Amino acid sequence: MSKIRVYKPFNPGLRKTSVINYREILTTNKPTKKLTIRKKNYAGRNETGRITVRHRGGGHRNLVRLVDYKNTFEKGFKVNTIEYDPNRSAFICLVTDLRTGAKHYILHTKGLEAGQSYFGATNLEVGRRIKLKDVPLGAQVSQIEMQPGKGAQMVRSAGNYADVTAKEADYITIKLPSGEIRKFLPDCLCVLGRIGNESHELVRIGKAGRKRNMGIRPTVRGKVMNPVDHPHGGGEARNPIGLKNPKTPWGKVALGVKTRNKKKHSSKLIVKRRK
């Protein structure tokens with residue numbers, strides 16, 4: 001686990017502020033130019049220019065790292081560097097495919113070290129990308145495919161992992177980090193081990209400026225607004241919401257509403273829903 005660095009409160013902005021001590025795990029601070037692209041920041045807007053996600057905008061300009069979620073590295077791979085990615089919570093690794101010599105970015109799995117080589121696609125060691133049917137019962141996995149060949153879509157954030165709880169001929173049952181128990185096809189690929197940088201959840205932002213650098217703008221509470229601006233607004237001094245359920249600015253129920261489409265075909269694969 002990477003160590004958390006806590007600042008001394010020399011000024012109000014540093015009080016209760018902490019960061020991850022990157023020097024202990026990262027090996028370089030410059031990304032590979034061929035595996036990065038520049039994308040325009042649309043600040044939470046859709047293709048028509050309307051804001052669909054509020055409180056987005058500004059922030060530091062970031063290069064997007066092209067992470068490979070599909071390659072199985074049949075002959076193995078060598079880890080060249082462990083790098084920081086400003087677009088995600090997890091670290092990434094620059095690896096060399098031992099069969100083709102091509103370089104790829106992959107998510108850093110806890111246990112991968114720079115300079116080491118990992119041979120064979122069938123070895124049951126940390127960082128290997130194998131099919132779910134070949135994973136031992138009770139193992140920790142991450143970067144799971146929802147459809148074979150589509151690439152990893154689930155369990156990709158820092159420190160996360162899923163548990164393989166049951167194996168059948170048709171499906172593999174996995175308990176996800178959210179608590180949901182779900183069935184997957186046996187040919188779906190996954191990565192053995194948990195995602196690195198598990199200390200990410202222990203970091204305290206400390207000041208508003210760091211959130212602005214992340215591209216997150218201030219959020220105003222509805223109960224401090226006027227009634228014309230928000231259903232929670234109005235009243236003298238501090239008042240409760242005064243409604244049966246919390247509402248959005250547009251009057252829709254905000255908490256406890258199921259948003260999943262009832263007709264979604266993959267609902268039959270969910271054994272137990274998250275709490």
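Residues numbered from 1 in each chain as written. Predicted model: local features only at pLDDT ≥ 70, side-chain atom pairs only at ≥ 80, totals over all residues. Heavy atoms only, no water.

A. Local environment of the overall build of the protein chain. Each helix and strand in the protein chain was counted, giving one helix and 17 strands. Its C-alpha atoms give the protein chain principal-axis dimensions of about 70 × 50 × 40 Å. Residues classed as buried in the protein chain amount to 33% of the 275 residues present. Counting contacts in the protein chain only where the partners sit at least 6 residues apart, residues at least 24 apart contribute 56% of the total. A total of about 17,900 Å² of accessible surface is found on the protein chain, and carbon and sulfur atoms cover 50% of it. Separation of charge centres in the protein chain, based on 58 positive and 20 negative side chains, amounts to 9 Å. (Helix = DSSP H or I, 4+ residues; strand = E, 2+ residues; numbered from the N terminus. Buried < 20%, exposed > 50% of the residue type's maximum accessible area, 1.4 Å probe, protein only. Contact = heavy atoms within 4.5 Å. Areas by Shrake-Rupley, 256 points an atom, 1.4 Å probe, with all protein chains shown as cover. Lys, Arg positive; Asp, Glu negative; His and termini not counted. Charge placed at Lys NZ, Arg CZ, Asp CG, Glu CD.)

B. How the structure looks around the sheet that holds strand β9 (residues 129–131). In space, the seven strands of this open sheet follow the order β9-β16-β10-β13-β14-β15-β17, with antiparallel pairing throughout. Lying at the two open borders of the sheet, with one neighbouring strand each, are β9 and β17 (270–272). The mean angle between the axes of side-by-side strands here comes to 45°, regardless of whether they run parallel or antiparallel. The sheet contact formed by strand β14 (residues 172–175) and strand β15 (residues 181–184) spans four bridges and is antiparallel. Each residue of the ladder has a partner; that of Ile174, found in β15, is Arg182. (Pairing = 2+ DSSP bridges. Axes fitted to C-alpha atoms, helices over the stretch in contact; angles between N-to-C directions.)

C. Representation of the layout of surface pockets within the structure. When its volume is computed, the largest pocket comes out at roughly 1,400 Å³. For the largest pocket, the lining is made up of 41 residues, of which Asn62, Pro86, Asn87, Asn213 and Met214 are closest to its centre. At the level of elements, β2 (18–20), β4 (63–65) and α1 (208–213) are the ones that each hand at least two residues to the lining of the largest pocket. Tallying contributions element by element places β4 first for the lining of the largest pocket, with three residues. In this structure, the second largest pocket occupies an estimated 420 Å³ of space. Contributing to the lining of the second largest pocket are Glu180, Val257, Lys258, Thr259, Arg260, Asn261, Lys262, Ser267, Ile270, Arg273, Arg274 and Lys275. Of the residues contributing to the lining of the second largest pocket, the split by class is two nonpolar, three polar and seven charged. (1 Å grid on protein atoms, 1.4 Å probe; cavity = no way out; pocket = protein on both sides within 12 Å on 5 of 7 lines; lining within 4 Å. Points joined across faces, edges and corners; volume = space filled by probe spheres on them. Nonpolar A, V, L, I, M, F, W, Y, C, P; charged D, E, K, R; others polar.)

D. Structural view of the environment of Gly209. Looking at the secondary structure, you find Gly209 in helix α1. Residues Gly209 and Gly234, 25 residues apart in the sequence, show an inter-C-alpha distance of 30 Å.

E. Region of interest: the nonpolar core. Residues Leu132, Val135, Val141, Ile144, Ile174 and Leu176 are the most contacted members of the largest nonpolar core, which totals 17 residues. At the level of elements, β13 (162–167), β14 and β16 (189–192) are the ones that each hand at least two residues to this core. (Core = buried A, V, L, I, M, F, W, Y, C linked by side-chain atoms within 4.5 Å.)

F. Quick look at the pairing of β15. With burial as the criterion, only one face of β15 is covered, namely that bearing Arg182 and Phe184; the residues Ile181 and Lys183 on the opposite face remain uncovered. Where β14 folds back onto β15 in an antiparallel hairpin, the turn is made up of five residues, including Gly179, whose phi is positive at roughly 100°. Relative to β17, β15 runs antiparallel, the two being bridged by two bridges. Counted as the bridge partner of Ile181 is Lys272 from β17.

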